[in-house]
Amino acid sequence: MSRLSTIAEANPWRQNPWFESVAEARRRARKKLPKSVYMALVGGSEAGITLDDNQDAYNELAPKPHVIGAKPERSLETTVMGQPISMPVMISPTGVQAVTPDGEVDVARAAAARGTAMGLSSFASKPIEEVVAANPQTFFQVYWLGGKEKVLERLERAKSAGASGVILTTDWSFSMGRDWGSPAIPEKLDFKAMVTLAPQLAVRPRWTMEWARGVLETGEFPDLSTPNLVAEGEQGPTFFGAYGEWMGTPPPTWEDIAWVVENYDGPVMLKGITRVDDAKRAADAGVTAISVSNHGGNNLDATPATIRCLPPIAEAVGDRVEVLLDGGVRRGSDVAKALALGARAVMLGRAYLWGLGANGQAGVENVLDIMRSGLDSSLIGLGKSSIDELKPDDYHIPEGFIRRLGE
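Okay, so let's go over this structure. All residue numbers refer to positions counted from 1 along the written sequence of the respective chain. Since the coordinates come from a predicted model, pLDDT governs what is reported: local features require at least 70, and pairs of side-chain atoms require 80 or more to be given and counted, while whole-chain, interface and lining totals use all residues. Hydrogens and water molecules were not included; the side-chain quantities draw on all heavy atoms of the structure.

**Focus: the pattern of salt bridges**
1) Next: We count a salt bridge whenever a side-chain nitrogen from Lys or Arg sits within 4 Å of a carboxyl oxygen from Asp or Glu. For the structure on display, the rule yields 20 salt bridges.
2) Next: The salt bridge partner of Glu-24 is Arg-27, with a shortest N-O separation of 2.9 Å. One end of the pair is Glu-24 and the other is Arg-27, both in helix H2 (residues 22–32) and 3 residues apart, which spans about a single turn.
3) Next: Among the residues examined, Glu-24 registers a relative accessible area of 18% and is labelled buried.
4) Next: Two residues, Arg-344 and Glu-322, come together in a salt bridge whose shortest N-O distance is 3.8 Å. One end of the pair, Arg-344, is in the loop between helix H14 (332–340) and strand S11 (345–348); the other, Glu-322, is in strand S10 (residues 322–326), with 22 residues separating them in the sequence.
5) Next: Take Arg-344: its relative accessible area is 33%, and that puts it in the partly exposed class.
6) Next: What emerges from the salt-bridge pattern is a single network uniting Glu-24, Arg-27 and Arg-28. Per the convention used, a helix needs a DSSP run of H or I reaching at least four residues, while a strand needs a run of E reaching at least two, with both numbered from the N terminus. Exposure is judged per residue with a 1.4 Å probe applied to protein chains only, and the accessible area is read against the type maximum: over 50% gives exposed, under 20% gives buried, and values in between give partly exposed.

Structural data, given as structure tokens:
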């Protein structure tokens, strides 16, 4: 009996808590979450051209399946920056995941339950120490914020907390305009904010009750601060306060990237690469890994999809650094395509946040299960026994699909 039918029999009059696709997770998150919370999980910059292309580009890659010869056993395991993971899918860092009361801790537990790594944002709502306790395979994301002294403090805290490495993110140029508007997000979920949000909360009783239980258990409203930007135990700035400080900090140079590598005793990933020349400079700076990323469509709009930029970057530096990809991954078949075109692994963003919004920790686990199942199905259809066997020739790549930026 399948897991799906077992759950259905146990809950014959209720919606099945298990869902079959990321698209369904998104629909359920939209139905459950207050509008402003949901909109914070979906929007890209300006017209959303990059946001759409990140997803649509995968549909242009057609597999070349084998009808005979499927392998009875298939290997999905890999490593990322020294960490063994059960499949080439990990959690990408995203800011303030207060979709549930436990936010990033729920996500970390889900990733640990499925044997993969967690990326934790500097702008997270939960301290790094709590997240590492939930998932020892946690990479801490660092922004170039406040200058070298402040960055060094965060690197040292990450190391002390037991982080497996750091992700240095550079791919956001403060392009804030959205054609569909940005949601109004309070800096603190206090009584005043609750009154303002009351019309939204009234039509989302299930979400409201979850938060109410959290407030009753702790005796206080969550403040949506960013505790990882200060010393452990100190009150962090609000998200928007930290964002303002980031905007006021001069952008890093390549010398600064090399300085981070020199001053952190562990592996460093540089996130935000779309050009070949930048990938080469990153390798020269000594990073362990790079992520081909356009910040999920929240950087310069009309930047090509990351899967289009991946092949020439992997060709140029794949023998020097680990090459990962994020942006637009919604299915396990997307993961297979990214691996075939040169990625070692992918990092999920919106997909797991929709799972979190739909069903908390279990929803994130559900999304990871969807990725594993879809990737395994691709290996079966392509006649592969391991993800290491995936190659560009397994897919029809249309003329003009690949973008060779900065060659």
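Don't stop here, the text continues.
**Here's the deal with the sheet that holds strand S6 (residues 138–143)**
1) Next: Pairing is parallel across the open sheet formed by 8 strands, whose spatial order is S4-S11-S10-S9-S8-S7-S6-S5. Strands at the two margins of the open sheet, each flanked by one partner only, are strand S4 (89–91) and strand S5 (118–120). On average, adjacent strands in this sheet sit at an angle of 30° to one another, irrespective of strand direction.
2) Next: At least two bridges found by DSSP between two strands are what make those strands a pair. As judged from the 5 bridges shared by S6 and strand S7 (residues 165–169), these two strands associate in the parallel manner. Within S7, the position partnered with Gln-141 by the bridge is Ile-167.
3) Next: Pairs of residues are marked as contacts when any of their non-hydrogen atoms sit within 4.5 Å. Angles shown run from 0 to 180 degrees and are taken between the N-to-C directions of axes, each axis being a line fitted to C-alpha atoms and, for helices, limited to the stretch in contact. Against the sheet, helix H13 (residues 306–317) engages strand S8 (268–273), strand S9 (289–292) and S10, with an angle of about 175° to S10.

**Overview of the side chain of Thr-274**
1) Next: Structurally, Thr-274 is set in the loop between S8 and helix H12 (276–285).
2) Next: In this view, Thr-274 contacts Ser-293, Thr-303, Cys-309, Ile-313 and Leu-405; residues no more than four positions away in its chain are not counted.

**Looking at the packing of aromatic side chains**
1) Next: In summary, the pairing rule links any two rings of Phe, Tyr or Trp, Trp by its six-membered ring, whose centres are within 6.5 Å, and it sorts them by plane angle into stacked for under 30 degrees, edge-to-face for over 60 and tilted for everything else. For the structure on display, the rule yields 4 aromatic pairs.
2) Next: Ring geometry for Phe-123 versus Tyr-143: centroids 5.2 Å apart, planes at 25°, classification stacked. Of this pair, Phe-123 sits in the loop between S5 and helix H6 (128–134) while Tyr-143 sits in strand S6; the two residues are 20 residues apart in sequence, bridging distant segments of the chain.
3) Next: On the basis of relative accessible area, Phe-123 is assigned to the buried category, the value being 3%.

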